[in-house]
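# Coordinates in review
What follows is the residue order along each chain.
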Amino acid sequence: MPPKTSRPDFDALVRRAGLSLTDTQITTIYGAWGYVEQMLERVRTPGRDRAAEPAHIFKPDAFFGGEI
Amino acid sequence: MNTPTIAEASALIAARKLSPVELTKSLLARIEKHDAIYHAFIQITPERALDDAKAAEARIMAGQARGPLDGIPIAHKDIYGTRGIATTAHSKLLAGWVPDADATVATKLAEAGTVMLGKLSTHEFAFGGPSFDLPWPPARNPWNPDHFTSGSSSGTAAAVGAGFILGGTGSDTGGSIRGPAALSGIAGIKPTYGLCSRAGILPLSFSLDHAGPMAWTTQDCAMLLQAMAGYDPADPASANRPVPDFSAGIGQDVKGLRIGVPRHWHETDQRVDPSVQAGIDQAIAVFRDQGAEIVEVVLPSLLDYQAANFIILVCEAFSLHEPWMRTRWNDYGELLRDRMVMGGLMAATDYVQALRRRREICQITADATKGIDLLLSTAAPAEAPRIDSVPKWANVAFPGFTNPCNLLGWPAISVCSGFGPHGLPVSIQIAGKPFQEAKVFQAADAFERATPYRDKRPVLVG
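Residues numbered from 1 in each chain as written. Chains lettered and ligands numbered in written order. Predicted model: local features only at pLDDT ≥ 70, side-chain atom pairs only at ≥ 80, totals over all residues. Heavy atoms only, no water.

### Overview of the overall build of chain A
From N to C terminus, chain A includes two helices and zero strands. For 68 residues, the compact-globule formula gives about 11 Å, and the C-alpha radius of gyration of chain A, at 19 Å, lies well above that figure. Expressed as lengths along the three principal axes of its C-alpha atoms, the size of chain A is roughly 50 × 35 × 15 Å. Within chain A, the fraction of its 68 residues that count as buried is 31%. Taking as baseline every contact in chain A between residues at least 6 positions apart, the subset at least 24 positions apart corresponds to 50%. As presented, chain A carries roughly 4500 Å² of accessible surface, and 56% of it is formed by carbon and sulfur atoms. (Helix = DSSP H or I, 4+ residues; strand = E, 2+ residues; numbered from the N terminus. Rg over C-alpha atoms; globule rule 2.2 N^0.38 Å. Buried < 20%, exposed > 50% of the residue type's maximum accessible area, 1.4 Å probe, protein only. Contact = heavy atoms within 4.5 Å. Areas by Shrake-Rupley, 256 points an atom, 1.4 Å probe, with all protein chains shown as cover.)

Okay, structure coming up:
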């Protein structure tokens, strides 16, 4: 599964993550990035309602055992 | 002699026909004899085990037994914090770390009277294996040590399968209880998200992590879960609701239940081995004969569940490993770091889009299963591969059957449904609606009782 991201662009992603990897290490990871790109496309539902909320709910009392 | 099930041992101990001390000594001897081959344990704790066993025996002889788990030998996956006992996550990064507190679930099991035999192998930080570049070797399949156990609760599965322990703890973020249960021929349940506290367990992915039990039978899992479940204010995601009787349906048939079968999962999305298909077909026949209604359902593709689950998992995991990833990259095993780093290469919007997709998938799945009690599929597409031939990128190249219930938060159990062409176990997976563990146990137990697979144990080498 060849990635759509170019190798120079992928190198930039690695640098942005603050990682200092060898060329061999980056090549190994880059080899699987195509699978990840497919997943990143798959979670973007066409025509999704702009107000569709994520599966996260913030509960103001959740971190205090329900008592605050 | 076969290691007894928890239910068998519990009855014998209560009748004072089995001594917890003698049982513990026999298991320690079995571990001593065989674990150099299977590598189920990272650390054996014989002194703690014998202390626990003697205390249990004293209570029982005094008529003060704590309940059905008093005197039952177990062990913990080595991401469960254990006070005064090293907790390594099977990683060089935590080698020698000794927590000053038990995980909540470990405390609950200790309070139930269990005997703690030690700490069990895992994939490093519960993600990425089998790895051969860590301080400890990976666990081996109890049916054939040349084969994989799956993971990440690999040591628990190997130890239960090998009869080293009667039950143990696992954790499941994408299938880490059910996958190794499937390949090792045991039972393992990922309960509903929030049912068991995560407090004191090393996290992998906050919104996908589940703690749960693994044992030889479904009934044993129900007994363990009874002690493990319950509200814990130390876990912000803990469900504040009464704990039901998980064994209520044990020994009953499934008459009247409606069981959905998403055929496209195992026939199209990820085609399974004929031996796995045969297990699913047998389960359908068993349940139908007992009076259940079998209904074909169409759910999102396994690829949809996999995509959202993977993105959320690696983004959350990388966030908590980020400092070490930047400074101690080479101290991680290659498999973990190469898989987990993907989360550091994504954008914040990728994570949020995956969370939005998660909610959509939850809604679609709920709508498609209205009026249905349980879902039947498998936890693994085939029997265990050789441990030296597991593809490095299997988790992204192929969709898993276990991912859906992590994403949904629904309970799901894997139980043995026969054996594949190489004589290794295969599985069915039974999932239920949130907090309906009792129904899941009822059906899995009914299948086990109607089939002969619990009567066959692996023959150990070494």
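### Considerations on the overall build of chain B
The secondary structure content of chain B amounts to 16 helices and eleven strands. Here chain B has a C-alpha radius of gyration of 20 Å; the compact-globule value for 462 residues is 23 Å, and the two agree. With respect to the three principal axes, the spread of C-alpha positions in chain B is 60 × 55 × 45 Å. Excluding contacts between residues fewer than 6 apart, the proportion of contacts in chain B whose partners are at least 24 apart in sequence is 80%. For chain B, the computed accessible surface area is about 15300 Å², with 53% contributed by carbon and sulfur atoms. Distance between charge centroids for chain B: 2 Å, based on 41 positive and 46 negative side chains. (Lys, Arg positive; Asp, Glu negative; His and termini not counted. Charge placed at Lys NZ, Arg CZ, Asp CG, Glu CD.)

### Focus on unusual backbone geometry
All names here are of chain B. Along the chain, glycine 129 connects to proline 130 via a cis peptide bond; the corresponding omega equals 5°. With respect to the helices and strands, the residue proline 130 is situated in the loop between β3 (115-120) and α5 (154-161). Going from glycine 151 to serine 152, the amide bond is cis rather than trans, its omega being 20°. For phenylalanine 125, which is not glycine, the phi torsion reads 50° and is therefore positive. Along the polypeptide, phenylalanine 125 turns up in the loop between β3 and α5. Despite not being glycine, phenylalanine 435 has its phi angle at roughly 65°, a positive value.

### Considering the packing of aromatic side chains
Residues and elements named next belong to chain B. Within this structure, the stated rule accounts for twelve aromatic pairs over all chains. Centroid distance phenylalanine 419 to tyrosine 453: 6.2 Å. Interplanar angle 70°. Geometry classified as edge-to-face. Here phenylalanine 419 is found in strand β10 (residues 412-419), whereas its partner tyrosine 453 is found in the segment after α16 (437-450), with 34 residues between them in sequence. Exposure remark for phenylalanine 419: the relative accessible area of 22% places this residue in the partly exposed category. Judged by its relative accessible area of 15%, tyrosine 453 is buried. Looking at arginine 241, its charged tip hangs above the ring of phenylalanine 435, at a distance of 3.9 Å from the centre. A cation sits over an aromatic face here: arginine 454 above tryptophan 216, 4.0 Å from the ring centre. (Phe/Tyr/Trp six-rings, centres within 6.5 Å; stacked < 30°, edge-to-face > 60°. Lys NZ or Arg CZ within 6 Å of the ring centre and 35° of its normal.)

### Re helix α9 (residues 274-289) of chain B
Residues and elements named next belong to chain B. Taking 1.5 Å of rise per residue, 16 residues should cover 22 Å, and α9 covers 22 Å from first to last C-alpha, within 8% of that figure. For α9, the set of buried residues is Ser275, Val276, Gln277, Gly279, Ile280, Ala283, Ile284, Val286 and Phe287. Once α9 ends, the next one or two residues include glycine 291, with phi positive near 105°. (Expected span 1.5 Å × (residues − 1).)

### Some words on the interface of chain A and chain B
Opposite the 34 residues of chain A that make contact, chain B presents 41 residues. When chain A packs against chain B, close to 3200 Å² is buried across both sides, 64% of that on carbon and sulfur atoms. A per-residue breakdown of the area chain A buries against chain B is headed by A:Met39, A:Arg42 and A:Val43, which together make up 19% of the total. At the boundary of chain A and chain B, one finds three salt bridges. Where A:Arg48 meets B:Glu360, a salt bridge forms, and the shortest distance between an N and an O atom there is 2.7 Å. Counting the contacts that link chain A with chain B gives 13 residue pairs in polar contact (both at pLDDT 80 or more). Residue assignment for the side of chain A that touches chain B shows that the elements contributing at least two residues are α1 (7-16) and α2 (23-42) of chain A. (Buried area = accessible area lost by both parts, 1.4 Å probe. Salt bridge = Lys/Arg side-chain N within 4 Å of Asp/Glu carboxyl O. Polar contact = N/O pair within 3.5 Å; in protein donor to acceptor, adjacent residues only side chain to side chain.)

### Comments concerning helix α2 (residues 20-38) of chain B
Residue and element names in this part refer to chain B. Maximum bend of α2: about 40°, positioned at glutamate 32. Listed as buried for α2 are Pro20, Val21, Leu23, Thr24, Leu27, Leu28, Ile31, His34, Asp35 and Tyr38. Considering only its buried residues, α2 is in contact with α1 (6-14), β1 (41-44), α3 (46-61), β2 (73-77) and β3. A distance of 3.1 Å separates the backbone nitrogen of valine 21 from a side-chain oxygen at the start of α2, and that oxygen is part of serine 19. A positive phi of about 55° marks histidine 39, the residue just after α2. (Bend = angle between axes of the 7 residues up to and from the residue.)

### Focus: the side chain of B:Ser19
Residue and element names in this part refer to chain B. Topologically, serine 19 is positioned in the loop between α1 and α2. Among the polar contacts listed, one links the side chain of serine 19 to the backbone nitrogen of valine 21, at a separation of 3.1 Å. From its side chain, serine 19 meets the backbone nitrogen of glutamate 22 in a polar contact 3.0 Å long.

### Quick word on the side chain of B:His210
Residues and elements named next belong to chain B. Position of histidine 210 relative to the elements: it lies in strand β6 (residues 210-215). The exposure class of histidine 210 is buried, given its relative accessible area of 4%. A polar side-chain atom of histidine 210 sits 3.1 Å from a polar atom in the side chain of lysine 190. In this structure the side chain of histidine 210 is engaged in a polar contact, spanning 2.7 Å, whose partner is the backbone oxygen of leucine 208. Among all residues touching histidine 210, those that are not within four sequence positions of it are Gly170, Ser171, Asp172, Lys190, Pro191, Thr192, Tyr193, Cys405, Asn406 and Gly409.

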